[in-house]
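Observations on chain architecture
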Amino acid sequence: MRPSPQIVRTIDAFMKLRSTLPGKVGFVPTMGYLHEGHGSLMKHARTENKHVVASIFVNPTQFAPTDDLAAYPRDLDRDMKVAQGEGVDYLFLPDAADMYPGGWGVSGHHGGSRVEVEGIKGKEAVARPGHFSGVATVLTKLFNIVQPHRAYFGQKDMLQCVVVKKMVRDLNFPLDVVVCPTLREANGLAMSSRNSYLAPGERLKAGIIYEALQSTQRLYQTGERDCEVLRGHIGDILSREPLLSMDYVSIADGMDGGEISGKIDGARGANISLAVFLNGVHRRTRLIDNIDLPGV
């Protein structure tokens, strides 16, 4: 049995620890409530690095005022088991007071420094104003604290991966961004901490999201390049499930997240992503997913 990760709770303590670590450091930043998707990132990091660090921090700067930050699922015992099982060496658990002294990272508080990654054009950025600035800000802080050689992210959050890669490139962070495939439940639903909000029957019905993405990918592979046709196809499939309501469907460039109008360049390809609301018995849950439309 693997040893439990060493828990580090403050920035100062982690930076002192970091100065003692020789060799490559792999880093998996998370907001906790870990699942097999997070575990796959940790497993990948374990194969490539001498030391593996994971962080758990529910970051207030990426939540909108209308989001329920307090309701985000938390379970440290579960998280410890996942991290231990995948061979994580160090679990960094800062609190908001340490990460954002004076409360400037909390909604409604001003001051402090925020990171804006310009030129990100995706529909997810439009749907969630301020979200990616919050992501970029907390990752800038975490990268400076952890000083990893590699950082690991899941493809489910495609536009987030675009943002992180651009930020790392533009700000000359000396690290590699490693994007790993999305892990899925048996019915194809992308693994997410937010899936815990769904009742069992709702979770099963949400499998239609990936079904719609795969069907649209197959239509593309038969030669369809018209974006409106592809968006309409995915919308038709999702409309069969009355629990779902559409937020957006995006067909975008995989490099900058910019929306494609007209026809897709078949040589370049694209990425199709979506956000839907599942209107469940207990709450309304926003789910995202995406799939590549590869160049040929």
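Data block above holds the structure.
Description of the structure in this document. (Residues numbered from 1 in each chain as written. Predicted model: local features only at pLDDT ≥ 70, side-chain atom pairs only at ≥ 80, totals over all residues. Heavy atoms only, no water.)

**Here's the deal with the pairing of strand β3 (residues 51-56)**
Most of β3 sits out of view: six of its six residues are buried. Along β3, one buried face is formed by His51, Val53 and Ser55 and the opposite face, lined by Val52, Ala54 and Ile56, is buried too. Handedness of the β-α-β unit built from strand β2 (residues 25-30), helix α2 (residues 36-48) and β3 comes out right-handed. (Buried < 20%, exposed > 50% of the residue type's maximum accessible area, 1.4 Å probe, protein only. Helix = DSSP H or I, 4+ residues; strand = E, 2+ residues; numbered from the N terminus. Right-handed = clockwise from strand over helix to strand, strands pointing away.)

**Structural notes on the sheet that holds strand β8 (residues 270-279)**
The three strands lie next to each other as β7-β8-β9, forming an open sheet whose pairing is antiparallel. Unpaired on one side and paired on the other, β7 (244-252) and β9 (284-293) mark the two borders of the sheet. For this sheet, the mean angle separating the axes of adjacent strands, direction not counted, is 15°. As paired strands, β8 and β9 are joined by 10 bridges and run antiparallel to one another. Looking at the pairing, Asn271 lines up with Asp292 of β9. Contacts between helix α10 (residues 227-238) and the sheet are confined to β7, β8 and β9, with β7 contributing the most and set at about 155° to the helix. (Pairing = 2+ DSSP bridges. Axes fitted to C-alpha atoms, helices over the stretch in contact; angles between N-to-C directions. Contact = heavy atoms within 4.5 Å.)

**Examining the pattern of salt bridges**
Counted by the stated rule, this structure contains 13 salt bridges. We note a salt bridge from Glu124 to Arg128, for which the minimum N-O separation is 3.7 Å. Both residues of the pair, Glu124 and Arg128, belong to the buried class. Measuring nitrogen to oxygen at the nearest pair gives 3.9 Å for the salt bridge that ties Asp226 to Lys263. Placement of the pair is Asp226 in the loop between α9 (208-221) and α10 and Lys263 in the loop between β7 and β8, with a sequence separation of 37 residues. When its relative accessible area of 58% is taken as the criterion, Lys263 is described as exposed. Through salt bridges that share partners, Lys123, Glu228, Arg231 and Glu259 make up one connected network. (Salt bridge = Lys/Arg side-chain N within 4 Å of Asp/Glu carboxyl O.)

**Let's talk about the packing of aromatic side chains**
Per the stated rule, a full pass over the model turns up five aromatic pairs. Aromatic side chains Phe63 and Tyr72 sit 6.0 Å apart centroid to centroid with 90° between the ring planes, which places their arrangement in the edge-to-face category. By relative accessible area, which is 8% here, Tyr72 ends up buried. Residues Phe143 and Phe173 carry aromatic rings whose centres are separated by 5.5 Å and whose planes lie at 75° to one another, so their mutual orientation is edge-to-face. On the criterion of sequence distance, the pair formed by Phe143 in helix α6 (residues 131-146) and Phe173 in the loop between α7 (158-170) and β6 (176-180) is long-range, its members being 30 residues apart. Judged by relative accessible area, Phe173 falls into the buried class, the value being 14%. Put simply, the rings of Phe27, Phe143 and Phe173 touch in pairs and so form one group of aromatic residues. For Arg184, the ring lying beneath its charged end belongs to Tyr210, and the centroid distance is 3.5 Å. (Phe/Tyr/Trp six-rings, centres within 6.5 Å; stacked < 30°, edge-to-face > 60°. Lys NZ or Arg CZ within 6 Å of the ring centre and 35° of its normal.)

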